[in-house]
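Chain by chain, the residues run as shown.
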Amino acid sequence: MTFADLGLSDELLRAVEESGYTEPTPIQAQAIPPILMMRDLIGIAQTGTGKTASFVLPMIDIMSQGRARARMPRSLILEPTRELAAQVAENFEKYGKYHKLSMALLIGGVNMGEQIAALEKGVDVLIATPGRLMDLFQRGKILLSGCAMLVIDEADRMLDMGFIPDIEEICTKLPATRQTLLFSATMPAPIKKLADKFLSNPKQIQVARPASSNLLIEQKLVEVPTARQKRDVLRGLLRNDEVTTAIIFSNRKTTVRELTSSLQQNGFKASQIHGDMEQSERLKELDRFKSGEINILVASDVAARGLDIKGVTHVFNFDVPWHPDDYVHRIGRTGRAGAKGAAFTLVTPEDAEAVDAIEKLTGGKIPRVGPSGLVATETRTEEPRETSERPKRERRPRGGAKPAAEAAPVADEIVAATPVRDAPARPAPDQRSSPAPRPEPVVARAKSVDPEDDGGWNGPVPGFLSVGFDL
Ligand code: AMP
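What comes next concerns the included structure. Being a predicted model, the structure only gives us computed values, none of them experimental. (Residues numbered from 1 in each chain as written. Predicted model: local features only at pLDDT ≥ 70, side-chain atom pairs only at ≥ 80, totals over all residues. Heavy atoms only, no water.)

## As for the layout of surface pockets
Rule in force here: Note on definitions: the grid is 1 Å and covers protein atoms alone; a cavity is a set of points where a 1.4 Å probe fits but cannot get out; a pocket is an open set with protein on both sides within 12 Å along at least five of seven lines; lining residues have an atom within 4 Å of a point. Grid points are joined across faces, edges and corners, and a volume is the space filled by probe spheres set on the points. Counting from the N terminus, the helices are DSSP H or I runs at least four residues long and the strands are E runs at least two residues long. Only Asp, Glu, Lys and Arg are considered charged in this grouping, and only Ala, Val, Leu, Ile, Met, Phe, Trp, Tyr, Cys and Pro are considered nonpolar; every other residue, Gly among them, is considered polar.
If you add up the space inside the second largest pocket, you get close to 750 Å³. Forming the walls of the second largest pocket are 28 residues, and the residues nearest its centre are Y21, G50, Y95, L215 and L216. Those elements that place two or more of their residues in the lining of the second largest pocket are α2 (26-36), α3 (51-63) and α4 (82-95). Sort the elements by how many residues they give to the lining of the second largest pocket and α4 lands first, with seven residues. Grouping the amino acids of the lining of the second largest pocket by side-chain chemistry returns nine nonpolar, eleven polar and eight charged.

Okay, here's the thing in structure tokens:
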């Protein structure tokens, strides 16, 4: 499928090509044709799926017919925040460069006089936050009776922010014959009600598995010859400057414990969260992570579902998850709320089957890189001296990680965790392969842990963080 198959104009195709996009994303492929056919549409998709272009592109072609009149915008896009409104405006500029369309932004924090002046001239596209729009409407500075197209973007966030009554009122000011598009990452009951009331026979499109289709998450498989070398490789990746805050997932709680203490001994500001911990302990660690006191959280899958911690720049899968669904949940801890993120999965040859299952589920090959190919790691390529799977001896702290104090504080919000079971134990991977990176000089021994504790099950966790749910 190409953009040309979607029925867009040549001018638009040129602008898209110049943006460097060659293939429409699933939401674009499904949404653009019905929008061009003037259908109402419900798009269940989150930021990162390319949803903005899925309405901006057809809107440009639709709006290119007809002329703007003073104080009567021809189309209206409602966004919950100024930042999102500004992003949509950027999209209009980028894709609309070969069209002569006028656009105005109506957002808080910007000089009202300039916004009114723009409206006085007449605009084809008005991008607004509900509060500012209502304000101007009440002052009689704007008429919405010429709006033939309405986009309600991020409807569930609008709901969280208390904008639904405003939106309902705005809808009643627009002509009943308009075309309405509603986008939302989730469909809670009040949004469904809103859609039932204000959309007419809408086509509904859902982009499956938001995390795996999130273009904002850069996914990589980091090939590591043997499981023993994973810690060394991980440390190299963590020393990358761009790693500000990271969640590292492991399949077993034993590994979570060992890895955390190993990272701490190597100077990383790391802590852990797993199913053996009391709820109060977990909350404490999450708070430390949110405040920036620590910038690395080692977690079992208990923490993977439902945790919504904003500002996580990296997810590392120290182990390939055994269930492909867990992969999607894990990587979805980054790339949230429109921010970019990276998800690196350490893979050994033994993981081939699990990787295959993940790629089948996510519907595409994840790029492979060598252990040192990503960043200037300190990984070396000589034979390892260690031969046992027992807890490794580690170098003393030397402050490799970016200090937590420098890290941007994460998370203003943690909503929910669905109690889940971590995957059952499976046999240790084959240790015979080589070559391998040489471990760093050995000067200290990691704290011993019970080798019998395979951490087979980390949950369910009664009542843990039962604040709400995140899809
Ligand atoms: P959005 O979900 O609209 O916030 O878009 C997420 C990111 O994907 C933005 O950086 C877009 O510029 C980018 N993007 C949009 N469409 C495509 C596409 N067809 N191919 C690749 N990237 C895209």
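Now that the structure has been shown, the text picks up again.
## Some thoughts on the pairing of strand β11 (residues 296-299)
Where a strand is regular, its side chains alternate between the two sheet faces. In plain terms, the rule: Working definition: with a 1.4 Å probe on protein chains only, accessible area under 20% of the residue-type maximum means buried, over 50% means exposed, and in between means partly exposed. Paired strands, in this sense, are two strands between which DSSP finds at least two bridges.
The side-chain alternation of β11 yields two buried faces, one formed by I296 and V298 and the other by L297 and A299. Taken together, the four bridges between strand β9 (residues 246-249) and β11 define a ladder with parallel strand orientation. Looking at the pairing, I248 lines up with V298 of β11. Bridge count between strand β10 (residues 270-273) and β11: four bridges; the pairing is parallel. If you follow A270 over to β11, its bridge partner there is I296.

## A closer look at the sheet that holds strand β5 (residues 149-152)
To be explicit about the condition: In this analysis, axes come from line fits to C-alpha atoms, helices being fitted only over the stretch in contact, and the angle between any two N-to-C directions falls in the range 0 to 180 degrees.
With parallel pairing, the seven strands of this open sheet are ordered in space as β3-β4-β2-β5-β6-β1-β7. Of all the strands in the sheet, the pair left with one neighbour each is β3 (103-106) and β7 (203-206). Shown here is a sheet whose adjacent strand axes are inclined to one another by a mean of 10°, direction ignored. One ladder, built from four bridges, connects strand β2 (residues 75-78) with strand β4 (residues 125-128); its direction is parallel. Each residue of the ladder has a partner; that of L78, found in β4, is A128.

## Things to note about the sheet that holds β10
Selection rule: For this analysis, residues touch if any pair of their heavy atoms sits within 4.5 Å.
An order of β10-β11-β9-β12-β13-β8-β14 is seen for the seven strands of this open sheet, with the pairing classed as parallel. Each end of this open sheet is capped by a strand with a single partner; those strands are β10 and β14 (368-369). Relative to strand β13 (residues 341-347), helix α10 (residues 230-238) is tilted by about 165°, and along the sheet it contacts β8 (217-223), β9, β11, β12 (314-317) and β13. This element, helix α12 (residues 279-291), spans β9, β10 and β11 of the sheet and lies at about 145° to β10.

## Some words on the site of the ligand
For clarity, the cut-off: By convention in this text, a residue qualifies as near a molecule or strand provided that one of its non-hydrogen atoms is within 4 Å of it. Any N or O atom pair separated by 3.5 Å or less is treated as a polar contact, with the protein-specific requirement of one donor-capable and one acceptor-capable atom, and with residues adjacent in sequence counted only for side-chain atom pairs. Areas reported as accessible are Shrake-Rupley estimates using a 1.4 Å probe. Residue values count occlusion only from the protein chains shown. What decides whether a molecule sits in a cavity or pocket is whether more than half of its atoms lie within 2 Å of the grid points.
Y21, E23, G48, G50 and T52 are the nearest of the 14 residues found near the ligand. Contacts to the ligand include Y21, whose side-chain N or O atom sits 2.4 Å from an oxygen atom. Taking E23, its main chain carries an N or O atom lying 2.8 Å from a nitrogen atom of the ligand. Within the complex, 79% of the 490 Å² of free accessible area of the ligand lies under protein. When atom positions are compared with the pocket grids, the ligand is found to occupy the second largest pocket. For the shell around the ligand, the per-class residue count stands at four nonpolar, seven polar and three charged.

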